Amino acid sequence: MKRILLFLATNLAVVVVLGIVASLLGVNRYLTANGLNLGALLGFAFVMGFGGAIISLLLSKPIAKWSSGVQVIDGSGSADERWIVDTVRRFADKAGVGMPEVGIFQGEPNAFATGAFKNSALVAVSTGLLQGMTREEVEAVIGHEVAHIANGDMVTMTLIQGVMNTFVVFLSRVIGYVVDGFLSRNDQRSGPGIGYYVTTVVLDIVFGFLAAIIVAWFSRQREFRADRGSTQLMGQRQPMIHALARLGGMVPGELPRGLQAFGITSGVGKLFSTHPPIEERIAALQNAPA
């Protein structure tokens, strides 16, 4: 699961940095100077929320390459490399997207696709995947990743994450203002106090976890769709079913957290899992209309 947990980690880091910068610039005092300015707070939350998500999206491909040690290939190397590049090109043409960059990384069975734009994405497969699967199964996995690109999943996840961020920032600061007002009701100071800052930090974390559960749910639905996309690109469902069954018997490679949602497998707990169980994905393909 290599595509969104690095995206999520980057998003969290960006939001934290933006929050620190906003505090240093006195934004919190502006928002509470004459009572809580809900309109200004909503605008602030929107900028913070979508700013973090969009910056994370734009950084997704270079961070993916760096964190996974991806070696970009162009098909001029070995016969296997030429086959991988030709397969990605064939599926990209069929899906109507620009040719992605193609890469290989060392590790246990996994694969991912990432990038801010459909026509300049990245598809990468692990050495473990190439060594542990038949060519037809690897094709199905590549089709799954190209389907992610064609479906615009990175942009979709960015929008969902941006909305979640906005609600997290907005609600934590409204509650922080109320708590701070209760704790300092006898004080004559202006501007937020320690109660505001402590409450917002704690609630940013708590609400952030709740938002991650919602984002993970959307990611799981997107995973079923990418499986179906692979069967459409392949023209048959059996290769994807066989690939999933094969993955079910392997030890999947652990991927950086921000990339996990766009990999082919996932090993986190159910609520936070960005991928459905292998058995559910196979059943969904078997029960899909022909």
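Quantities reported herein were computed from a predicted structural model and do not represent experimental measurements. (Residues numbered from 1 in each chain as written. Predicted model: local features only at pLDDT ≥ 70, side-chain atom pairs only at ≥ 80, totals over all residues. Heavy atoms only, no water.)

### What about the sheet that holds strand S2 (residues 101–105)?
For step 1, the next point in the chain: Across the sheet, which stays open at both edges, the four strands sit in the order S1-S2-S4-S3 with mixed pairing between neighbours. In this open sheet, the two strands that pair with only one neighbour each are strand S1 (71–73) and strand S3 (111–114). Averaged over all pairs of adjacent strands, the angle between strand axes in this sheet comes to 25 degrees, irrespective of strand direction.
For step 2, the next point in the chain: Across the sheet, helix H3 (residues 38–68) lies against S1, S2, S3 and strand S4 (122–126), angled at about 155 degrees from S3, the strand it touches most.
For step 3, the next point in the chain: Those strands touched by helix H4 (residues 79–95) are S1, S2 and S4, and its axis lies near 135 degrees from that of S2. (Pairing = 2+ DSSP bridges. Helix = DSSP H or I, 4+ residues; strand = E, 2+ residues; numbered from the N terminus. Axes fitted to C-alpha atoms, helices over the stretch in contact; angles between N-to-C directions. Contact = heavy atoms within 4.5 Å.)

### Details of a nonpolar patch on the surface
For step 1, the next point in the chain: On the surface, Ile194, Val198, Val202, Val206 and Leu210 cluster together into a nonpolar patch covering about 450 Å² of accessible area.
For step 2, the next point in the chain: Residue position: Val198 is located in helix H8 (residues 194–234).
For step 3, the next point in the chain: A relative accessible area of 45% places Val198 in the partly exposed class. (Patch = residues over 30% accessible without salt bridge, like charges linked within 9 Å, V, L, I, M, F, W, Y side chains within 5 Å. Areas by Shrake-Rupley, 256 points an atom, 1.4 Å probe, with all protein chains shown as cover. Salt bridge = Lys/Arg side-chain N within 4 Å of Asp/Glu carboxyl O. Buried < 20%, exposed > 50% of the residue type's maximum accessible area, 1.4 Å probe, protein only.)

### Examining helix H10 (residues 278–287)
For step 1, the next point in the chain: Three or more residues of H10 are buried, namely Ile278, Arg281, Ile282 and Leu285. Each buried residue of H10 sits inside an arc of 95 degrees when the element is viewed along its axis, so together they form one side. Turned more than 90 degrees off the buried face of H10, the exposed positions are Glu279 and Asn287.
For step 2, the next point in the chain: At its buried positions, H10 is contacted by helix H6 (135–150), H8 and helix H9 (238–248). (Arc of directions from axis to C-beta.)

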